[in-house]
Amino acid sequence: MGEQLSPDEKLHLITRNLQEVLGEEKIKQVLSERELKVYWGTATTGKPHVAYFVPMSKIADFLKAGCEVTILFADLHAFLDNMKAPWELLELRVQYYEQVIKAMLESIGVPLDKLKFIKGTDFQLSREYTLDVYRLSSMVTEHDAKKAGAEVVKQVDHPLLSGLLYPGLQALDEEYLKVDAQFGGVDQRKIFTLAEKYLPSLGYAKRSHLMNPMVPGLTGAKMSSSEEESKIDLLDRKEDVKKKLKKAFCEPGNIENNGVLSFVKHVLFPLVGEFSIKRDPKFGGDKTYTDFEEVEKEFGEELIHPGDLKAGVEVALNKLLDPIRKKFESPELRKLSSTAYPDPSKNKGAGKGNPKVAEEDELVPSRLDIRVGKVISVEKHPDADSLYLEKIDVGEAEPRTVVSGLVAYVSQEALQDRLVLLLCNLKPQKMRGVESQAMLLCASIEGDPRRVEPLDPPEGSSPGERVFVEGYETGKPDDKLNPKKKLWEKLQVDLKVSG
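Thresholds, definitions, all that
- Residues numbered from 1 in each chain as written.
- Predicted model: local features only at pLDDT ≥ 70, side-chain atom pairs only at ≥ 80, totals over all residues.
- Heavy atoms only, no water.
- UniProt positions renumbered as here; feature names shortened; annotations may be inferred.
- Helix = DSSP H or I, 4+ residues; strand = E, 2+ residues; numbered from the N terminus.
- Buried < 20%, exposed > 50% of the residue type's maximum accessible area, 1.4 Å probe, protein only.
- Polar contact = N/O pair within 3.5 Å; in protein donor to acceptor, adjacent residues only side chain to side chain.
- Contact = heavy atoms within 4.5 Å.
- Phe/Tyr/Trp six-rings, centres within 6.5 Å; stacked < 30°, edge-to-face > 60°.
- Pairing = 2+ DSSP bridges.

- Looking at an unreviewed UniProt entry, one finds the protein chain named Tyrosine--tRNA ligase and attributed to Oncorhynchus tshawytscha.
- UniProt, in its Catalytic activity (unreviewed entry) section for the protein chain, records the words "tRNA(Tyr) + L-tyrosine + ATP = L-tyrosyl-tRNA(Tyr) + AMP + diphosphate + H(+)".
- As its UniProt record puts it under Sequence similarities (unreviewed entry), the protein chain is described as follows: "Belongs to the class-I aminoacyl-tRNA synthetase family."

As structure tokens, this is what we get:
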């Protein structure tokens, strides 16, 4: 790759869409003599999200330009950064990052045989590297170390010494990986300038630095692994992608701090070369754009509606995520995901690779206790005219009390003696002073949320019988659904009913 390109064409590919380049003349000199050696490092902390497609698209550019590219899984850095990755989980998280990043690269057509993958602890614990850490720490002031890591290392009131070591180690990596340039986000600029200042003091060459802009998250700020609402996870379901994009900050005409628009610029155009939106003919009809400037201009002039922009991104993003989701359907990778990122609310053993985590976190409809019930009485809630108070027989010794908001949709007469479906293992909840002991399951009519009907049980059903989702007929329901897990909320978006 890159063999037919001139040095200037290679430089264009290497630097396009970057926010800043330090040492461009040095890069030009190297390209006139041989291929450029570049590395990109990622600390194996939180789960990678869709913003990782931004560096992936640049790695694709580097390979097209003929560069020799190394990807560093910085496990030791993950531990040093305020222990974002516990020591006992380092190896598991490296495995997860390697699998998911390789899946990302495959989804955008990057040949893995052109890349070199390396783990930080494979060389950072050597005698020579450790000695250089000590040598560097005798030169770098506490002020410089703290300043260098200000935008990368987690900032706390009482910082640990480990966070001050982080920037120096990243600088040394350039020498030990034998590269000409390091690639990263512009938030790492101060670490890059620290490397340029201090590596020559150790007798090592000053490297060039390639910096991507920081892509805004869905809330308008930086997309972060630790802020759930700001990111779309690589394994999010299509329904979750839709939901998060729907909530995303995308003000009409605002082309600044717009994460949706930035994704089009920094991921879709470099990788796909075009972007399509579908809309009603009276609003301009379907259109395919072949350059980002036209998209940005039309959005800025409010010729593209935020809803149409989000819908176009949703389609394109799901095409990128589909092969990653498919790869992680395997039991081995599902188990890796749950053990590398154990649920903190589980028992302490879960954090050390307890296989029960995968079983307990499995998102399957069989965990729902859905039963047939018969409405034996229905009346208005004593303290709320908009609510019904129903007594429903579910085959137990006593009927269950259920509070529902069906007053606006169904008459009392239509509910009386009707067979309905109830979700029976939700935690009882007080509604205007009355405890509701189950949830009456309803559906909107023909997709209209203003028209709601209770679901009808299968023909011939009797009160108390359990009802299953097709394909999930086996499995024991939870005794009580943990409200913190939001299992029902996550599953119900996928539930569909027949006419």
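From this point, the discussion proceeds with the structure in view.
## Brief notes about the side chain of serine 57
(1) Moving on: Examined against the element boundaries, serine 57 turns out to sit in helix α3 (residues 53-64).
(2) Moving on: For serine 57, a relative accessible area of 3% puts it in the buried group.
(3) Moving on: Among the polar contacts made by the side chain of serine 57, one reaches the main-chain carbonyl oxygen of valine 54 at a distance of 2.8 Å.
(4) Moving on: Those residues in contact with serine 57 that lie beyond four places of it in its chain are Ile108, His266, Pro270 and Leu271.

## Overview of the packing of aromatic side chains
(1) Moving on: Per the stated rule, a full pass over the model turns up nine aromatic pairs.
(2) Moving on: Ring centres of tyrosine 52 and tyrosine 97 lie 6.4 Å apart, and the angle between their planes is 70°; on these two criteria the pair is classed as edge-to-face. Within this pair, whereas tyrosine 52 is found in the loop between β2 (37-43) and α3, its partner tyrosine 97 is found in helix α5 (residues 90-107), the two being separated by 45 residues in sequence. Tyrosine 97 carries the same exposure label as tyrosine 52, and that label is buried.
(3) Moving on: Pairing tyrosine 96 with phenylalanine 328 gives two aromatic rings, centres 5.6 Å apart and planes at 65°, and the pair type is edge-to-face. Remark: phenylalanine 328 occurs in the loop between α13 (306-327) and α14 (331-340) and tyrosine 96 occurs in helix α5; sequence separation between them is 232 residues.
(4) Moving on: The buried category is assigned to tyrosine 96, whose relative accessible area is 0%.
(5) Moving on: Look at phenylalanine 328 and you get buried, because its relative accessible area is 5%.

## Comments concerning the sheet that holds strand β11 (residues 400-404)
(1) Moving on: Taking strand neighbours across the sheet as the criterion, the five strands line up as β11-β10-β9-β12-β15 in an open arrangement whose pairing is antiparallel. Each edge of the open sheet carries a strand with a single partner, namely β11 and β15 (439-440).
(2) Moving on: Relative to β11, strand β10 (residues 384-393) runs antiparallel, the two sharing five bridges. Paired with tyrosine 388 across the two strands is serine 404, which belongs to β11.

## Quick word on unusual backbone geometry
Where the residue is not glycine, phi is negative for most of them; where a peptide bond is considered, it is trans in most cases.
(1) Moving on: Backbone geometry at glutamate 302 places phi at a positive 60°, although glycine is not the residue there.
(2) Moving on: Tracing the chain through its elements places glutamate 302 in the loop between α12 (292-300) and α13.
(3) Moving on: The backbone phi angle of lysine 486 is positive, close to 50°, even though this residue is not glycine.
(4) Moving on: Counting through the fold element by element, lysine 486 comes out in the loop between β17 (448-454) and α17 (487-492).
(5) Moving on: A relative accessible area of 46% means that lysine 486 is categorised as partly exposed.

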